[in-house]
Amino acid sequence: MNRIPGRNFLFVPGPTNVPDRVQRAMMVAMEDHRSSRFPDLTKSLFEDLKKVFKTETGQIFMFPSTGTGAWEAAITNTLSDGDKVLTFRFGQFSHLWADMMGRLGLDPEIIDVPWGEGVSPELVHRLLEKDKAQTIKAVFVCHNETATGVTSDIKAVREAMDAAKHPALLLVDTVSSLGSIDFRMAEWKVDVVVSGSQKGLMLPAGLGLLGMSEKAMAARLKANMKRCYFDLEDMVRNNPSGYFPYTPPLPLLYGLRESLNMIFEEGLEEIFARHHRLAQSVREAVLQGWRLSLCAKDPKWWSDTVSAILVPEGINGAHVIDVAFRRYNLALGAGLSQVAGKLFRIGHLGDLNELMVLGALSGAEMAMKDVGIDIELGSGVAAAQHYLRDTDTEPKRRVSRQEVVYASHSVGSMEGQH
Ligand SMILES: *Cc1c(COP(=O)(O)O)cnc(C)c1O
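1. Concerning the pattern of salt bridges
Line of reasoning, step 1. The full count for this structure, using the stated rule, is 26 salt bridges.
Line of reasoning, step 2. Across the pair Glu 258 and Arg 21 runs a salt bridge whose closest N-O atoms are separated by 2.7 Å. With Glu 258 in helix H9 (residues 250-266) and Arg 21 in helix H1 (residues 20-26), this residue pair connects regions lying 237 residues apart in the sequence.
Line of reasoning, step 3. Take Glu 258: its relative accessible area is 17%, and that puts it in the buried class.
Line of reasoning, step 4. Here Asp 234 and Arg 237 are joined by a salt bridge, their closest N and O atoms 3.0 Å apart. With Asp 234 and Arg 237 both in helix H8 (residues 232-238) and 3 residues apart, this pair spans about one turn of that helix.
Line of reasoning, step 5. Residue classification places Asp 234 among the partly exposed positions, given a relative accessible area of 26%.
Line of reasoning, step 6. Residue classification places Arg 237 among the exposed residues on the basis of a relative accessible area of 56%.
Line of reasoning, step 7. Through salt bridges with shared partners, a single network forms among Lys 54, Asp 182, Arg 184, Glu 187 and Glu 269.

What follows is the structure, given as structure tokens:
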């Protein structure tokens, strides 16, 4: 077996790096999930998740599932068989959710948008205004389309719905944005929020998260879709006292406790700013250094958690990914479905800092050169370095001249003792 020494550079847009603190927090002995002490953990999680979703009146649910399970829970708990719903397809994730709507028995009106663009609030407004009989029961939006690196403006979508005076529910997929890109469940009146554990929350996959507004909780009582495992009714009966209707995944819950601690220590707004800055450094590398293009067609769509980078004609993006992995121990994201082979993706979310990003850019650069892309080695890394140095958000963190003198002085005096 060939062992590749050193760290694997994990730069797929999920799962993301699990911080050491979270890894250690998950190494727990199993315990009785019906004990009198267990709610101390779970109640704090429900309360603190609300801060991440930014809601006070909404309710959070946690399923032992992936984000896909939370997609299903969102649909079956709020809608009825045959309901007409509106959704937009512009990447593999918005495609899969739309596909699920049909398979579960909804009647989705799927608006195809070119991959590389996002949801147009004007179009939402027009389509809802046209629906005079208000037959559309829900609007589905993928906040951050991970396949193309496109972020849509949820606030503007909500404003468009309000302007059309349409009562449809707003359901939003935040799997690759929650805890990384600004998202405000209450302020933007999002009725159902779907998320997962393995992206911005820095955990392994295995928790499907759902945020439900009061309006969504009321809609639930009339929703007739068949549901069993994902029926919120069982959660509603058990969660308020801190329990689950079945065995919860303990290590993930302890891991979530620690990841939430880390999120609040850094600060949500600071985390959003860090993601924006690191993302911008990647974009500098792609656009200024390598002179390549992003799949996201306009800066207004640029995602702060993932960049999808188009490879030149005649080059297979999968080849770049394979060389990066086998030769440099760097995992990059693949092009999915319609964009397979046309791009590779760099995930820049979760527990990440400047030098980690520069390492990934350096590896991507070498792998691109290896497969014959005409770029200059160091060009992307240098562009990112310049950007990062020019935008240091914490100058106070820089070592002051005084500290440097002090450090060399103490080394000198140590030497003197020898
Ligand atoms: C990762 C992801 C999902 C769900 O993925 P799971 O593998 O089921 O957790 C859904 N939507 C988006 C936008 C994603 O990035």
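Having seen the structure, we can now continue with the description.
2. Some thoughts on the site of the ligand
Line of reasoning, step 1. With respect to spatial proximity, 13 residues lie near the ligand, and among them Thr 66, Thr 68, Thr 146, Asp 173 and Lys 199 are the closest.
Line of reasoning, step 2. Thr 66 places a polar side-chain atom, nitrogen or oxygen, 2.6 Å from an oxygen atom of the ligand.
Line of reasoning, step 3. Residue Thr 146 places a side-chain N or O atom 2.4 Å away from an oxygen atom belonging to the ligand.
Line of reasoning, step 4. Relative to its unbound accessible area of 380 Å², the ligand is 87% covered by the protein chains.

3. Examining the nonpolar core
Line of reasoning, step 1. In this structure, Met 62, Phe 88, Trp 97, Phe 140 and Leu 210 are the most contacted members of the largest nonpolar core, which totals 87 residues.
Line of reasoning, step 2. Apart from the residues within four sequence positions on either side, Trp 97 is in contact with Trp 71, Ala 74, Ile 75, Phe 140, Val 141, Leu 171, Val 172, Asp 173 and Val 194.
Line of reasoning, step 3. Membership of the second largest hydrophobic core comes to 33 residues, among which are Leu 292, Ala 364, Ile 373 and Ala 384.

4. Here's the deal with the sheet that holds strand E1 (residues 9-11)
Line of reasoning, step 1. Pairing within the open sheet is mixed, and its 5 strands lie in the order E1-E13-E14-E12-E11. Taken across any chain shown, the strands that pair with only one partner, and hence form the sheet edges, are E1 and strand E11 (293-294).
Line of reasoning, step 2. Looking at chain direction, strand E13 (residues 330-334) and strand E14 (residues 343-347) are connected through 2 bridges and run antiparallel. Residue pairing across strands places Ala 334 opposite Phe 344, the latter belonging to E14.
Line of reasoning, step 3. Running at roughly 160° to E13, helix H11 (residues 317-328) makes contact with E13 and E14 of the sheet.
Line of reasoning, step 4. Packing against the sheet, helix H12 (residues 354-370) makes contact with E1, E13 and E14, and its axis sits at approximately 90° to E1.

5. Some remarks on the confidence of the model for the protein
Line of reasoning, step 1. With 94% of its residues at a pLDDT of at least 70, the protein reaches an overall mean of 95.
Line of reasoning, step 2. When the elements of the protein are averaged for pLDDT, helix H14 (residues 401-417) gives the smallest value, 56, and strand E8 (residues 169-173) the largest, 99.

6. Here's the deal with the side chain of Arg 277
Line of reasoning, step 1. Along the chain, Arg 277 turns up in helix H10 (residues 268-289).
Line of reasoning, step 2. The class of Arg 277 is buried, set by a relative accessible area of 9%.
Line of reasoning, step 3. In contact with Arg 277, other than residues within four places in its own chain, are Glu 354, Tyr 387, Leu 388, Thr 391, Asp 392 and Thr 393.

7. Brief notes about the packing of helix H2 (residues 38-53) against H9
The description of two helices packed together rests on the angle between their axes and the distance between the axes.
Line of reasoning, step 1. One way to put it is that H2 packs onto H9 with a least axis distance of 10 Å and a crossing angle of 45°. Looking at the two axes, H2 sits oblique to H9. H2 and H9 meet at a crossing whose hand is left-handed. Every residue of H9 that contacts H2 at Phe 38, Leu 41, Thr 42, Ser 44, Leu 45, Asp 48, Leu 49, Lys 51 and Val 52 is listed here: Leu 250, Leu 253, Tyr 254, Leu 256, Arg 257, Leu 260 and Phe 264.

8. What about H12?
Line of reasoning, step 1. Helix length check: H12, at 17 residues, gives a terminal C-alpha distance of 24 Å against a target of 24 Å (1.5 Å per residue), a fit within 8%.
Line of reasoning, step 2. When we look at burial in H12, the residues that qualify are Val 357, Leu 358, Ala 360, Leu 361, Gly 363, Ala 364, Glu 365, Ala 367 and Met 368.
Line of reasoning, step 3. Residues of H12 that are buried sit in contact with E1, H10, H11, E13, E14 and helix H13 (379-390).
Line of reasoning, step 4. The opening residue of H12 is Asn 353, an N-cap whose side-chain oxygen sits 3.3 Å from the backbone nitrogen of Leu 355.

9. A word on the packing of H10 against H12
Line of reasoning, step 1. Look at H10 against H12: their axes get within 10 Å of each other, and the N-to-C directions meet at 25°. With respect to H12, the element H10 is oriented roughly parallel. Crossing of H10 against H12: the hand is right-handed. Within the contact between the two elements, H10 uses Arg 277, Leu 278, Ser 281, Val 282 and Ala 285 and H12 uses Glu 354, Val 357 and Leu 361.
Line of reasoning, step 2. Taken together, the residues that form the contact of H10 with H12 break down as 5 nonpolar, 1 polar and 2 charged.

Rules of the game
Residues numbered from 1 in each chain as written. Predicted model: local features only at pLDDT ≥ 70, side-chain atom pairs only at ≥ 80, totals over all residues. Heavy atoms only, no water. Salt bridge = Lys/Arg side-chain N within 4 Å of Asp/Glu carboxyl O. Helix = DSSP H or I, 4+ residues; strand = E, 2+ residues; numbered from the N terminus. Buried < 20%, exposed > 50% of the residue type's maximum accessible area, 1.4 Å probe, protein only. Near = heavy atom within 4 Å. Polar contact = N/O pair within 3.5 Å; in protein donor to acceptor, adjacent residues only side chain to side chain. Areas by Shrake-Rupley, 256 points an atom, 1.4 Å probe, with all protein chains shown as cover. Core = buried A, V, L, I, M, F, W, Y, C linked by side-chain atoms within 4.5 Å. Contact = heavy atoms within 4.5 Å. Pairing = 2+ DSSP bridges. Axes fitted to C-alpha atoms, helices over the stretch in contact; angles between N-to-C directions. pLDDT = per-residue confidence, 0-100. Parallel < 35°, antiparallel > 145°, perpendicular 65-115°, else oblique. Left-handed = near helix turned anticlockwise from the far one by under 90°. Expected span 1.5 Å × (residues − 1). Nonpolar A, V, L, I, M, F, W, Y, C, P; charged D, E, K, R; others polar.

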